[in-house]
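Summary of the model geometry
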Amino acid sequence: MSGAKKGLLERLKDGVVVGDGSFVVTLERRGYVEAGAWTPEAVVQYPDAVRQLHREFLRAGADVMQTFTFYASDNRLSCLQQNNDEAQEINCTSLNTAACDLAKGVASEGDAIVAGSMSPVPAYVEGKGKEVVVNEFQKQVNVFKEKKVDFLLAEFFAYIEEAEWAIEVMKGFGLPVACTMNIGPAGDRSGVSPGDCAIRMAKAGADVVGINCHYDPFICLDAMKMMKTALDKAGLSCYLMAQPVGWHTNEIRNDTRGYTALPEFPFAMEPRLLTRVDVARFAREAYNIGVRYIGGCCGFEPYHIRAIAEELATERGKRPPGHDKSGGYKSLRKSILPSQHERSYRDYWDTLVPASGRREFKHMADVN
Ligand code: CBH
Ligand code: ZN
(Lines give C-alpha, C1' and ligand atoms only; values in the text may rest on other atoms or scores of the structure.)
(Ligands and ions follow the chains in the order given, each with its own letter.)
Protein backbone atom coordinates (compact mmCIF):
# COMPACT_ATOMS: atom_id res chain seq x y z
CA MET A 1 0.00 0.00 0.00
CA SER A 2 2.85 2.36 0.92
CA GLY A 3 4.08 2.41 -2.72
CA ALA A 4 0.79 3.85 -3.93
CA LYS A 5 0.83 6.73 -1.50
CA LYS A 6 1.90 10.24 -2.39
CA GLY A 7 5.30 11.19 -1.00
CA LEU A 8 6.10 14.13 1.25
CA LEU A 9 7.17 16.62 -1.43
CA GLU A 10 4.22 15.81 -3.64
CA ARG A 11 1.86 16.35 -0.69
CA LEU A 12 3.52 19.65 0.17
CA LYS A 13 3.33 20.85 -3.41
CA ASP A 14 -0.38 20.07 -3.56
CA GLY A 15 -1.44 21.38 -0.18
CA VAL A 16 -0.95 21.03 3.54
CA VAL A 17 0.74 18.21 5.43
CA VAL A 18 -0.51 17.67 8.98
CA GLY A 19 2.19 16.37 11.32
CA ASP A 20 1.71 14.29 14.44
CA GLY A 21 2.20 15.44 18.02
CA SER A 22 3.88 14.71 21.31
CA PHE A 23 5.46 11.33 22.12
CA VAL A 24 7.96 11.53 24.99
CA VAL A 25 5.84 13.97 26.99
CA THR A 26 2.51 12.26 26.35
CA LEU A 27 3.91 8.79 27.03
CA GLU A 28 5.57 10.06 30.22
CA ARG A 29 2.14 11.14 31.41
CA ARG A 30 0.72 7.73 30.51
CA GLY A 31 3.54 6.04 32.44
CA TYR A 32 5.79 4.69 29.69
CA VAL A 33 8.63 7.22 29.48
CA GLU A 34 10.96 8.50 32.17
CA ALA A 35 11.01 12.28 32.62
CA GLY A 36 14.47 13.77 32.42
CA ALA A 37 15.86 10.94 30.29
CA TRP A 38 13.09 11.44 27.68
CA THR A 39 14.32 8.36 25.82
CA PRO A 40 12.09 6.10 23.68
CA GLU A 41 12.79 2.59 25.05
CA ALA A 42 8.99 2.18 25.28
CA VAL A 43 9.10 1.06 21.63
CA VAL A 44 10.60 -2.23 22.80
CA GLN A 45 9.25 -2.31 26.36
CA TYR A 46 5.65 -1.17 25.72
CA PRO A 47 4.99 -1.41 21.97
CA ASP A 48 1.21 -1.41 22.46
CA ALA A 49 1.36 1.98 24.16
CA VAL A 50 3.40 3.45 21.32
CA ARG A 51 1.18 1.87 18.66
CA GLN A 52 -1.92 3.26 20.33
CA LEU A 53 -0.54 6.79 20.31
CA HIS A 54 0.39 6.51 16.61
CA ARG A 55 -3.17 5.32 15.97
CA GLU A 56 -4.68 8.25 17.82
CA PHE A 57 -2.65 10.72 15.75
CA LEU A 58 -3.65 8.90 12.56
CA ARG A 59 -7.32 9.06 13.53
CA ALA A 60 -6.86 12.77 14.34
CA GLY A 61 -5.74 13.46 10.78
CA ALA A 62 -1.93 13.27 10.89
CA ASP A 63 -0.41 12.58 7.47
CA VAL A 64 2.94 11.65 8.99
CA MET A 65 3.89 9.03 11.56
CA GLN A 66 7.25 10.04 13.01
CA THR A 67 9.14 7.00 14.21
CA PHE A 68 9.36 7.21 18.00
CA THR A 69 13.15 7.48 17.92
CA PHE A 70 13.73 10.73 19.77
CA TYR A 71 17.17 10.52 21.51
CA ALA A 72 17.62 7.02 19.97
CA SER A 73 21.32 7.40 19.17
CA ASP A 74 23.67 4.96 20.92
CA ASN A 75 25.30 8.05 22.33
CA ARG A 76 22.11 9.20 24.11
CA LEU A 77 20.74 5.73 24.94
CA SER A 78 23.87 5.03 26.96
CA CYS A 79 22.26 7.05 29.77
CA LEU A 80 19.87 4.11 30.29
CA GLN A 81 22.59 1.60 31.04
CA GLN A 82 23.61 3.26 34.25
CA ASN A 83 20.76 1.83 36.28
CA ASN A 84 18.87 -0.70 34.24
CA ASP A 85 20.01 -4.18 33.22
CA GLU A 86 17.36 -4.67 30.61
CA ALA A 87 18.46 -1.44 28.96
CA GLN A 88 21.73 -3.14 27.93
CA GLU A 89 19.75 -4.86 25.18
CA ILE A 90 18.46 -1.59 23.84
CA ASN A 91 20.70 0.10 21.33
CA CYS A 92 20.36 2.42 18.37
CA THR A 93 19.83 -0.38 15.85
CA SER A 94 17.35 -2.51 17.81
CA LEU A 95 15.38 0.52 18.95
CA ASN A 96 15.18 2.27 15.58
CA THR A 97 14.21 -1.02 13.90
CA ALA A 98 11.35 -1.66 16.32
CA ALA A 99 10.18 1.96 16.05
CA CYS A 100 10.06 1.77 12.23
CA ASP A 101 7.95 -1.39 12.39
CA LEU A 102 5.47 0.28 14.73
CA ALA A 103 5.17 3.50 12.71
CA LYS A 104 4.93 1.64 9.39
CA GLY A 105 2.32 -0.74 10.73
CA VAL A 106 0.01 2.08 11.80
CA ALA A 107 0.71 4.19 8.67
CA SER A 108 -0.48 1.26 6.55
CA GLU A 109 -3.86 1.43 8.31
CA GLY A 110 -4.49 4.79 6.65
CA ASP A 111 -3.05 7.33 4.23
CA ALA A 112 -0.06 8.32 6.34
CA ILE A 113 3.63 8.23 5.41
CA VAL A 114 6.55 7.51 7.74
CA ALA A 115 9.34 9.86 8.79
CA GLY A 116 12.55 8.34 10.13
CA SER A 117 13.19 10.75 12.97
CA MET A 118 16.43 11.86 14.67
CA SER A 119 17.48 14.42 17.26
CA PRO A 120 20.69 15.95 18.66
CA VAL A 121 23.40 13.70 20.07
CA PRO A 122 25.21 14.52 23.34
CA ALA A 123 28.61 14.23 21.61
CA TYR A 124 27.98 17.54 19.86
CA VAL A 125 27.78 19.71 23.00
CA GLU A 126 30.52 17.61 24.57
CA GLY A 127 32.76 18.79 21.74
CA LYS A 128 33.61 15.30 20.46
CA GLY A 129 33.88 16.60 16.91
CA LYS A 130 32.20 16.10 13.56
CA GLU A 131 33.30 12.54 12.85
CA VAL A 132 31.84 11.17 16.08
CA VAL A 133 28.58 13.13 15.75
CA VAL A 134 28.09 12.22 12.10
CA ASN A 135 28.66 8.55 12.87
CA GLU A 136 25.83 8.64 15.43
CA PHE A 137 23.46 10.04 12.79
CA GLN A 138 24.70 7.60 10.16
CA LYS A 139 23.86 4.55 12.30
CA GLN A 140 20.29 5.75 12.74
CA VAL A 141 19.72 6.60 9.07
CA ASN A 142 21.09 3.20 8.04
CA VAL A 143 18.13 1.62 9.82
CA PHE A 144 15.65 4.10 8.31
CA LYS A 145 16.97 3.37 4.83
CA GLU A 146 16.83 -0.38 5.35
CA LYS A 147 13.28 -0.08 6.69
CA LYS A 148 12.28 2.04 3.67
CA VAL A 149 10.81 5.02 5.48
CA ASP A 150 9.26 7.69 3.23
CA PHE A 151 11.45 10.60 4.31
CA LEU A 152 13.98 11.68 6.94
CA LEU A 153 13.44 14.24 9.66
CA ALA A 154 15.97 15.64 12.13
CA GLU A 155 14.48 17.83 14.84
CA PHE A 156 15.12 19.75 18.08
CA PHE A 157 18.51 21.26 17.20
CA ALA A 158 19.74 24.07 19.43
CA TYR A 159 22.85 24.66 17.31
CA ILE A 160 22.74 25.30 13.57
CA GLU A 161 26.08 23.57 13.03
CA GLU A 162 24.79 20.26 14.39
CA ALA A 163 21.66 20.62 12.24
CA GLU A 164 23.85 21.11 9.16
CA TRP A 165 25.80 17.95 9.97
CA ALA A 166 22.57 15.98 10.34
CA ILE A 167 21.31 17.30 7.00
CA GLU A 168 24.58 16.37 5.29
CA VAL A 169 24.23 12.80 6.52
CA MET A 170 20.54 12.55 5.56
CA LYS A 171 21.17 13.97 2.08
CA GLY A 172 23.36 10.99 1.27
CA PHE A 173 20.41 8.58 1.35
CA GLY A 174 18.32 9.87 -1.54
CA LEU A 175 15.17 10.54 0.47
CA PRO A 176 13.42 13.88 1.10
CA VAL A 177 14.97 15.67 4.08
CA ALA A 178 13.28 17.84 6.71
CA CYS A 179 15.03 19.64 9.55
CA THR A 180 13.69 21.70 12.45
CA MET A 181 15.39 23.57 15.28
CA ASN A 182 14.06 24.30 18.75
CA ILE A 183 14.52 28.05 18.36
CA GLY A 184 12.41 31.15 18.86
CA PRO A 185 12.84 34.72 17.60
CA ALA A 186 16.13 35.06 19.56
CA GLY A 187 17.76 32.41 17.39
CA ASP A 188 19.93 29.42 18.27
CA ARG A 189 22.26 28.83 21.23
CA SER A 190 25.23 30.09 19.25
CA GLY A 191 23.48 33.40 18.51
CA VAL A 192 22.46 32.68 14.90
CA SER A 193 19.13 34.32 13.93
CA PRO A 194 16.13 32.27 12.75
CA GLY A 195 16.58 33.75 9.26
CA ASP A 196 20.21 32.68 9.04
CA CYS A 197 19.42 29.25 10.52
CA ALA A 198 16.80 28.73 7.79
CA ILE A 199 19.22 29.81 5.06
CA ARG A 200 21.94 27.50 6.36
CA MET A 201 19.57 24.51 6.62
CA ALA A 202 18.35 25.15 3.08
CA LYS A 203 21.89 25.52 1.73
CA ALA A 204 22.92 22.30 3.48
CA GLY A 205 20.26 20.60 1.36
CA ALA A 206 17.06 20.34 3.43
CA ASP A 207 13.83 20.25 1.41
CA VAL A 208 11.78 21.35 4.41
CA VAL A 209 13.02 23.66 7.18
CA GLY A 210 11.48 25.09 10.30
CA ILE A 211 11.01 24.96 14.04
CA ASN A 212 9.87 22.39 16.56
CA CYS A 213 9.38 22.35 20.33
CA HIS A 214 10.42 24.87 23.05
CA TYR A 215 7.92 27.68 22.27
CA ASP A 216 4.19 28.13 21.94
CA PRO A 217 2.61 28.35 18.49
CA PHE A 218 2.47 32.11 18.38
CA ILE A 219 6.11 32.67 19.36
CA CYS A 220 7.05 29.89 16.94
CA LEU A 221 5.18 31.58 14.11
CA ASP A 222 6.93 34.90 14.79
CA ALA A 223 10.24 33.10 14.31
CA MET A 224 8.86 31.25 11.25
CA LYS A 225 8.05 34.63 9.67
CA MET A 226 11.69 35.63 10.18
CA MET A 227 12.73 32.40 8.45
CA LYS A 228 10.41 33.02 5.53
CA THR A 229 11.53 36.61 5.02
CA ALA A 230 15.19 35.56 5.00
CA LEU A 231 14.63 32.63 2.62
CA ASP A 232 12.63 34.80 0.22
CA LYS A 233 15.32 37.48 0.27
CA ALA A 234 18.03 34.90 -0.40
CA GLY A 235 15.99 33.46 -3.27
CA LEU A 236 15.90 30.02 -1.61
CA SER A 237 12.77 27.99 -2.03
CA CYS A 238 12.06 25.25 0.43
CA TYR A 239 8.98 24.24 2.34
CA LEU A 240 8.30 25.56 5.83
CA MET A 241 7.45 23.37 8.81
CA ALA A 242 6.22 24.27 12.32
CA GLN A 243 5.68 21.88 15.24
CA PRO A 244 5.46 24.06 18.40
CA VAL A 245 4.64 22.94 21.94
CA GLY A 246 1.09 22.54 23.21
CA TRP A 247 1.45 25.09 26.01
CA HIS A 248 1.37 28.87 26.33
CA THR A 249 4.95 30.02 26.98
CA ASN A 250 4.76 33.77 26.53
CA GLU A 251 7.21 34.63 29.32
CA ILE A 252 10.15 32.84 27.72
CA ARG A 253 9.77 34.31 24.25
CA ASN A 254 13.34 35.59 24.19
CA ASP A 255 14.95 32.89 26.34
CA THR A 256 16.98 30.46 24.23
CA ARG A 257 16.44 27.72 26.83
CA GLY A 258 12.79 27.54 25.72
CA TYR A 259 10.20 25.86 27.93
CA THR A 260 12.85 24.31 30.17
CA ALA A 261 13.24 27.82 31.61
CA LEU A 262 9.64 27.74 32.90
CA PRO A 263 9.39 26.79 36.59
CA GLU A 264 6.44 24.50 35.76
CA PHE A 265 8.37 22.28 33.34
CA PRO A 266 7.78 19.36 33.22
CA PHE A 267 5.38 18.35 36.02
CA ALA A 268 3.04 21.33 36.36
CA MET A 269 2.44 22.42 32.78
CA GLU A 270 -1.27 21.60 32.63
CA PRO A 271 -2.61 25.10 33.36
CA ARG A 272 -0.68 26.32 30.33
CA LEU A 273 -2.25 23.79 27.95
CA LEU A 274 -3.51 25.07 24.61
CA THR A 275 -7.17 24.60 23.85
CA ARG A 276 -8.31 23.24 20.51
CA VAL A 277 -9.47 26.78 19.78
CA ASP A 278 -5.90 28.07 20.23
CA VAL A 279 -4.70 25.34 17.90
CA ALA A 280 -7.25 26.19 15.20
CA ARG A 281 -5.99 29.79 15.32
CA PHE A 282 -2.40 28.55 15.05
CA ALA A 283 -3.20 26.35 12.06
CA ARG A 284 -4.88 29.23 10.23
CA GLU A 285 -2.07 31.70 10.95
CA ALA A 286 0.58 29.17 9.99
CA TYR A 287 -1.19 28.50 6.70
CA ASN A 288 -1.56 32.22 6.01
CA ILE A 289 2.16 32.89 6.37
CA GLY A 290 2.99 29.99 4.06
CA VAL A 291 3.83 27.14 6.43
CA ARG A 292 2.79 23.92 4.72
CA TYR A 293 3.87 21.24 7.21
CA ILE A 294 1.88 21.94 10.37
CA GLY A 295 1.99 19.69 13.42
CA GLY A 296 2.91 19.74 17.08
CA CYS A 297 5.62 18.80 19.55
CA CYS A 298 5.59 18.28 23.33
CA GLY A 299 2.13 18.68 24.85
CA PHE A 300 0.30 18.34 21.51
CA GLU A 301 -2.31 15.66 22.13
CA PRO A 302 -4.23 13.89 19.37
CA TYR A 303 -7.21 16.24 19.76
CA HIS A 304 -4.91 19.20 19.08
CA ILE A 305 -3.80 17.57 15.83
CA ARG A 306 -7.47 16.99 15.01
CA ALA A 307 -8.04 20.74 15.44
CA ILE A 308 -5.40 21.41 12.74
CA ALA A 309 -6.92 18.86 10.35
CA GLU A 310 -10.42 20.26 10.91
CA GLU A 311 -9.38 23.92 10.56
CA LEU A 312 -7.66 23.22 7.24
CA ALA A 313 -10.15 20.65 5.96
CA THR A 314 -11.19 22.82 2.99
CA GLU A 315 -7.60 23.47 1.93
CA ARG A 316 -6.81 19.76 2.30
CA GLY A 317 -10.01 18.54 0.66
CA LYS A 318 -10.56 16.06 3.47
CA ARG A 319 -11.47 15.75 7.13
CA PRO A 320 -9.68 13.56 9.69
CA PRO A 321 -10.42 9.82 9.59
CA GLY A 322 -12.13 10.20 12.99
CA HIS A 323 -14.54 12.87 11.77
CA ASP A 324 -17.59 10.78 12.68
CA LYS A 325 -17.00 11.88 16.30
CA SER A 326 -15.66 15.27 15.36
CA GLY A 327 -18.78 17.29 14.64
CA GLY A 328 -17.20 20.52 15.85
CA TYR A 329 -19.08 23.17 17.77
CA LYS A 330 -22.46 22.39 16.32
CA SER A 331 -22.63 18.94 17.87
CA LEU A 332 -23.31 20.72 21.17
CA ARG A 333 -26.87 21.14 19.88
CA LYS A 334 -27.32 17.49 20.73
CA SER A 335 -26.86 18.29 24.41
CA ILE A 336 -29.81 17.84 26.75
CA LEU A 337 -28.85 21.20 28.30
CA PRO A 338 -30.11 24.34 26.52
CA SER A 339 -27.15 26.28 28.00
CA GLN A 340 -24.84 24.18 25.83
CA HIS A 341 -26.79 24.96 22.66
CA GLU A 342 -25.71 28.60 22.95
CA ARG A 343 -22.13 27.42 22.71
CA SER A 344 -22.64 25.62 19.45
CA TYR A 345 -21.26 28.53 17.42
CA ARG A 346 -17.66 29.18 16.59
CA ASP A 347 -17.89 32.80 17.66
CA TYR A 348 -18.57 31.79 21.27
CA TRP A 349 -15.28 29.84 21.40
CA ASP A 350 -13.26 32.32 19.36
CA THR A 351 -14.04 35.14 21.79
CA LEU A 352 -13.82 33.16 25.03
CA VAL A 353 -10.87 33.78 27.37
CA PRO A 354 -10.55 30.49 29.28
CA ALA A 355 -10.13 30.70 33.05
CA SER A 356 -7.81 28.50 35.09
CA GLY A 357 -10.35 27.93 37.86
CA ARG A 358 -7.44 27.90 40.26
CA ARG A 359 -7.64 29.09 43.85
CA GLU A 360 -4.47 30.92 44.77
CA PHE A 361 -2.90 28.30 47.02
CA LYS A 362 0.78 28.98 46.84
CA HIS A 363 1.96 25.71 48.39
CA MET A 364 0.47 22.36 49.31
CA ALA A 365 0.93 23.50 52.93
CA ASP A 366 -1.66 26.26 52.46
CA VAL A 367 -4.33 23.62 51.92
CA ASN A 368 -4.01 22.29 55.47
O1 CBH B 1 8.84 12.67 21.42
C2 CBH B 1 8.54 13.62 20.69
O3 CBH B 1 7.45 14.17 20.68
C4 CBH B 1 9.58 14.12 19.70
N5 CBH B 1 9.02 14.17 18.39
C6 CBH B 1 10.09 15.47 20.09
C7 CBH B 1 10.53 15.69 21.49
S8 CBH B 1 11.12 17.34 21.78
C9 CBH B 1 11.93 17.45 23.37
C10 CBH B 1 11.76 16.50 24.50
C11 CBH B 1 12.53 16.87 25.78
C12 CBH B 1 14.01 16.85 25.62
C13 CBH B 1 14.83 17.26 26.85
O14 CBH B 1 14.42 18.16 27.59
O15 CBH B 1 15.93 16.69 27.01
ZN1 ZN C 1 9.13 18.82 21.97
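Along each chain, residue indices are assigned from 1 in the same order as the chain's sequence is written. Written order determines the labels here, with chains lettered from A and ligands numbered from 1. Selection of residues for local features in this predicted model requires a pLDDT of at least 70, selection of side-chain atom pairs for listing and counting requires 80 or more, and totals for whole chains, interfaces and linings are taken over all residues. To get the side-chain values, all heavy atoms of the structure are used, and hydrogens and water are removed first.

**Brief notes about the coordination of the zinc ion (ligand 2)**
- On the protein side, the zinc ion (ligand 2) has Cys213 (SG), Cys297 (SG) and Cys298 (SG) as donor atoms, found 2.2 to 2.3 Å from it.
- Each metal site lists N, O and S donors within 2.8 Å (3.2 Å for Na, K and Ca). With water left out of the atoms, a site can look as if it is missing ligands. Square planar and octahedral sites, with four and six donors, are those where opposite donors lie more than 155 degrees apart and all other angles lie between 65 and 115, tetrahedral sites have four donors with every angle between 85 and 135 degrees, and the rest are irregular. Here the zinc ion (ligand 2) binds 4 donor atoms, and the angle range of 97 to 130° at the metal identifies the geometry as tetrahedral.
- The sequence pattern formed by the donor residues of the zinc ion (ligand 2) is C-x83-C-C. Of this pair, Cys213 sits in the loop between strand S6 (208-212) and helix H11 (217-233) while Cys297 sits in the loop between strand S8 (293-294) and helix H13 (302-311), and the two are 84 residues apart along the sequence. Of the two residues, Cys213 and Cys297, neither departs from the other in class, the shared state being buried. For the purposes of this entry, the term helix denotes a DSSP run of H or I that reaches at least four residues, the term strand denotes a run of E that reaches at least two, and both are numbered from the N terminus. Three labels apply to residues, based on accessible area from a 1.4 Å probe with only protein chains included: buried if under 20% of the type maximum, exposed if over 50%, partly exposed otherwise in between.

**With respect to the side chain of Thr69**
- Structurally, Thr69 is set in the loop between strand S2 (64-66) and helix H5 (74-77).
- Counted as a polar contact is a pair of N or O atoms within 3.5 Å, where, for protein atoms, one must be capable of donating a hydrogen and the other of accepting one, and residues adjacent in sequence contribute only when both atoms are in side chains. Among the polar contacts listed, one links the side chain of Thr69 to the side chain of Thr67, at a separation of 2.7 Å.
- A distance of 2.5 Å separates a polar atom in the side chain of Thr69 from the backbone oxygen of Ser117.
- Contact definition: two residues touch when any of their heavy atoms are within 4.5 Å. When sequence neighbours within four positions are dropped, the list of residues in contact with Thr69 reads Pro40, Leu95, Asn96, Ala99, Ser117, Gln140 and Phe144.

**Structural notes on the site of ligand 1**
- What makes a residue near a molecule or strand is one non-hydrogen atom of that residue sitting within 4 Å of it. In the region of ligand 1, 15 residues are neighbours, and Phe23, Val24, Trp38, Tyr71 and Glu155 sit closest.
- At 2.6 Å from an oxygen atom of ligand 1 is found a side-chain nitrogen or oxygen belonging to Tyr71.
- The contact in question runs from a nitrogen atom of ligand 1 to an N or O atom on the side chain of Glu155, over 2.7 Å.
- The Shrake-Rupley method, run with a 1.4 Å probe sphere, supplies the accessible areas, and residue values consider only the shown protein chains as cover. In isolation ligand 1 offers 440 Å² of accessible surface; the protein chains occlude 90% of this area.
- Taken together, the residues of the shell around ligand 1 break down into 11 nonpolar, 3 polar and 1 charged. Classes in brief: Ala, Val, Leu, Ile, Met, Phe, Trp, Tyr, Cys and Pro nonpolar; Asp, Glu, Lys and Arg charged; the others, Gly included, polar.

**Some details on the packing of helix H12 (residues 276-289) against H13**
- Between H12 and H13, the shortest axis-to-axis distance is 8 Å and the interhelical angle comes to 45°. With respect to H13, the element H12 is oriented oblique. The handedness of the crossing between H12 and H13 is right-handed. Packed against H12, whose contacting residues are Arg276, Val279, Ala280, Phe282, Ala283 and Arg284, the element H13 presents Tyr303, His304, Arg306, Ala307, Ile308 and Glu311 at the interface.
- When the residues that make up the contact of H12 with H13 are grouped by side-chain class, the tally is 7 nonpolar, 1 polar and 4 charged. Here an axis means a line fitted to C-alpha atoms, over the contact stretch when the element is a helix, while the angle between two N-to-C directions is reported on a 0 to 180 degree scale. Roughly parallel means an angle under 35 degrees; roughly antiparallel means over 145; roughly perpendicular covers 65 to 115; every other angle is labelled oblique. Handedness of a crossing is defined here by the sense of rotation of the near helix relative to the far one, left-handed for an anticlockwise turn of less than a right angle and right-handed for a clockwise turn.

**What to know about the pattern of salt bridges**
- Note on definitions: salt bridges are taken to be side-chain nitrogens of Lys or Arg within 4 Å of carboxyl oxygens of Asp or Glu. Taken as a whole and assessed by the stated rule, the structure comprises 28 salt bridges.
- A salt bridge links Arg51 to Asp48; its shortest N-O distance comes to 2.7 Å. Taken together, the positions of Arg51 and Asp48, both in helix H4 (residues 47-60) and 3 residues apart, correspond to about one turn of that helix.
- For Asp48, a relative accessible area of 57% puts it in the exposed group.
- Put simply, Lys318 and Asp63 hold a salt bridge, and the shortest N to O gap is 3.4 Å. In this pair, Lys318 is assigned in the loop between helix H14 (313-316) and helix H15 (338-341) and Asp63 in the loop between H4 and S2, connecting sequence segments 255 residues apart.
- Looking at Asp63, the relative accessible area reads 4%, which means it is buried.

Just distances and angles here, no functional claims.
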